[in-house]
Amino acid sequence: MTEVQSGQAEIKKYQTYALNVDPLQDDKATEIKLCNFSRPHMRAFHCSWFCFFTAFFIWFAIAPLMPEIKITLGLDKQQIWTSNICSVAGTIFMRFVNGPICDKYGARIPMGVILVGASIPCALTGLVTNATNLSVLRFFIGLGGSTFVMCQYWTSRMFTKEVVGTANALVGGWGNLGGGVTQLIMGSVLFPLFKLGMSAEMAWRTVCIVPAFVGVAVGLTILKISDDAPKGNYGEMKKNGTMAEVSAAASFRAGAMNFNTWLLFVQYACCFGVELTMNNAAALYFREKFLLTTETAAAIASLFGWMNLFARGVGGFISDKANARMGMRGRLWWQTICLVCEGIMVLIFAHSNSLGAAIVLMVIFSSFVQAAEGSSYGIVPYVNPPATGSIAGIVGAGGNTGAVAFGLGFRQLPYYDAFILMGSCIIASGVLSLFICIKGHAGLVTGQDSEEAIAAWKKLGGSAPAATTLQVPEPDEDAAAEIEEDKA
């Protein structure tokens, strides 16, 4: 932030706020009031999670309808999974670029543009006539999934380091909840409702107009009712000198050159990638294995996403509790535990032949999936603080890369073998925590925290401070200087 000359009033959009703010942290809020919708802080908070929720509604609207689409188009298993893979592959590139874009332009405009853009192919779902059409269509719809980066960046821009983690965990989890709600709304509510006045084929061909309309409405609305940052929109702030220009390329380069970024990339592939895979697979799996109706299978599949209501936030919260006692080592141990338990539960789920047991096991392993996602983003802000936006985007892309890899497994293998492969990979990813070594912080079993790191999580008397979720450290001056040199 550019300092205002002595004797001049600082130029900013709002002179007073509904929340307490910290002037030393760019007027970011120091508290979260969930029932408050005032601008700029809480309006951005609610816009963030609801936009990501809407993106999921668009992104996975087709998934619970796949049993019907399979019948109409005469698709085989490989063709179905090709379309599933395409639905998550399109997001990978966009997640890589959205971090630097947010650093330069803020989260509001990219969020609106992508929501509107993804809604267009969603509305055209009824025009597909073969497997190729379906795969191409789902590729472009899948671009909406990249809104996760904006979701996390937006709240990071609005809340101080003491509460930003709580904000990030809440908006991320509530946004991901859209995956479960979509299964229920599209497969068990809207599809049966549309079938009352038309054939099953006509119902699935027309029902996707609903999420498309919602996506366009939300995307256009948030451009008008929200702000990029506490002091206003990025364009205005750059004009009045309260914000400096940002080099998106330099930020991305700094994040991509850090080895820890790619280790977390793999681990996130084994948690969020699993969630995306289950969003595509669950309804079809339960329908075919237990001979259920489309409506019932969709309702059961929705349970996986509903765990986002609490599990992701709990994962981040426990990560912080572990950090309060053990520093970064505590975060890494919790990350490892989540991934290993997740993998074990997937292996057990694969052996379940009882519908009741399968549902219970799915709920348990879903909880560990979401907890691992929250834990992952408890580590991300420490890797290289000045490049956190780019690192968050790269790690987020790992989730979609994992979904593509696991989707290929489900495409080529029987369900049992695919689940065994996925569970084994998840357990193996937990071992990677041994190699995560962040400057100034202890590793899983080696190294020690620096004095500054110890001071951040432990009082001199040895008692742990009150924990907050996903605390973001102060910028690393050396790393920041490197980025400034790159920009020059």
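Rules used throughout
- Residues numbered from 1 in each chain as written.
- Predicted model: local features only at pLDDT ≥ 70, side-chain atom pairs only at ≥ 80, totals over all residues.
- Heavy atoms only, no water.
- Helix = DSSP H or I, 4+ residues; strand = E, 2+ residues; numbered from the N terminus.
- Rg over C-alpha atoms; globule rule 2.2 N^0.38 Å.
- Contact = heavy atoms within 4.5 Å.
- Areas by Shrake-Rupley, 256 points an atom, 1.4 Å probe, with all protein chains shown as cover.
- Lys, Arg positive; Asp, Glu negative; His and termini not counted.
- Charge placed at Lys NZ, Arg CZ, Asp CG, Glu CD.
- Phe/Tyr/Trp six-rings, centres within 6.5 Å; stacked < 30°, edge-to-face > 60°.
- Buried < 20%, exposed > 50% of the residue type's maximum accessible area, 1.4 Å probe, protein only.
- Lys NZ or Arg CZ within 6 Å of the ring centre and 35° of its normal.
- Core = buried A, V, L, I, M, F, W, Y, C linked by side-chain atoms within 4.5 Å.

S.K.: Explain the overall build of the chain to me, and be specific about the residues and the numbers.
M.R.: Looking only at helices and strands, the chain features 21 helices and two strands. Relative to a compact globule of 488 residues, whose C-alpha radius of gyration would be 23 Å, the chain shows 22 Å and is just as compact. Across its three principal directions, the C-alpha atoms of the chain cover 70 × 50 × 40 Å. Here the analysis covers contacts within the chain between residues at least 6 apart in sequence; of these, 81% occur between residues at least 24 apart. For the chain, the accessible area works out to roughly 18,700 Å², and carbon and sulfur atoms hold 66% of it. If the 33 positive side-chain charges of the chain are averaged to one point and the 33 negative ones to another, these points end up 6 Å apart.

S.K.: Can you lay out the packing of aromatic side chains for me, pointing to particular residues and giving the numbers?
M.R.: In the structure shown here, the tally under the stated rule is 35 aromatic pairs. Measuring from ring centre to ring centre gives 6.4 Å for Phe56 and Phe272, while their planes differ by 85°; the resulting arrangement is edge-to-face. Of the two residues, Phe56 sits in helix 1 (residues 41–59) while Phe272 sits in helix 13 (residues 272–290), which places them 216 residues apart along the sequence. Pair check on accessibility: Phe56 and Phe272 agree, each one buried. When the centroid spacing of 6.3 Å and the interplanar angle of 40° are considered together, the rings of Phe96 and Trp262 count as tilted. In this pair, Phe96 is assigned in helix 3 (residues 77–105) and Trp262 in helix 12 (residues 259–269), connecting sequence segments 166 residues apart. Here the aromatic residues Trp81, Tyr285, Phe286, Phe290, Phe304, Phe349, Phe365, Phe410, Tyr415 and Phe419 are joined through ring pairs into a cluster of three or more. Stacked on the ring of Phe290, the Lys or Arg Lys289 has its end atom at 5.8 Å from the ring centre.

S.K.: An account of the nonpolar core is needed here, citing residue identities and associated values.
M.R.: With 129 residues, the main nonpolar core has Ile69, Phe159, Phe286, Phe349, Phe365 and Phe419 as its most contacted residues. Ranked by residues supplied to this core, first place goes to helix 17 (residues 355–383) with twelve residues. Not counting the four nearest positions on each side in its chain, Ile69 is found in contact with Ile62, Gly74, Leu75, Leu134 and Trp204.

S.K.: Report on unusual backbone geometry, specifying residues and quantitative values.
M.R.: A cis amide bond, omega 0°, links Arg39 with the succeeding residue Pro40. Position of Pro40 among the secondary structure elements: in the loop between strand 2 (28–29) and helix 1. In this model, Asp26 sits at a positive phi of 65°, which is unusual for a non-glycine residue. The topology assignment puts Asp26 in the loop between strand 1 (21–22) and strand 2. For Asp27, which is not glycine, the phi dihedral falls at a positive 65°. Note that Asp27 resides in the loop between strand 1 and strand 2.

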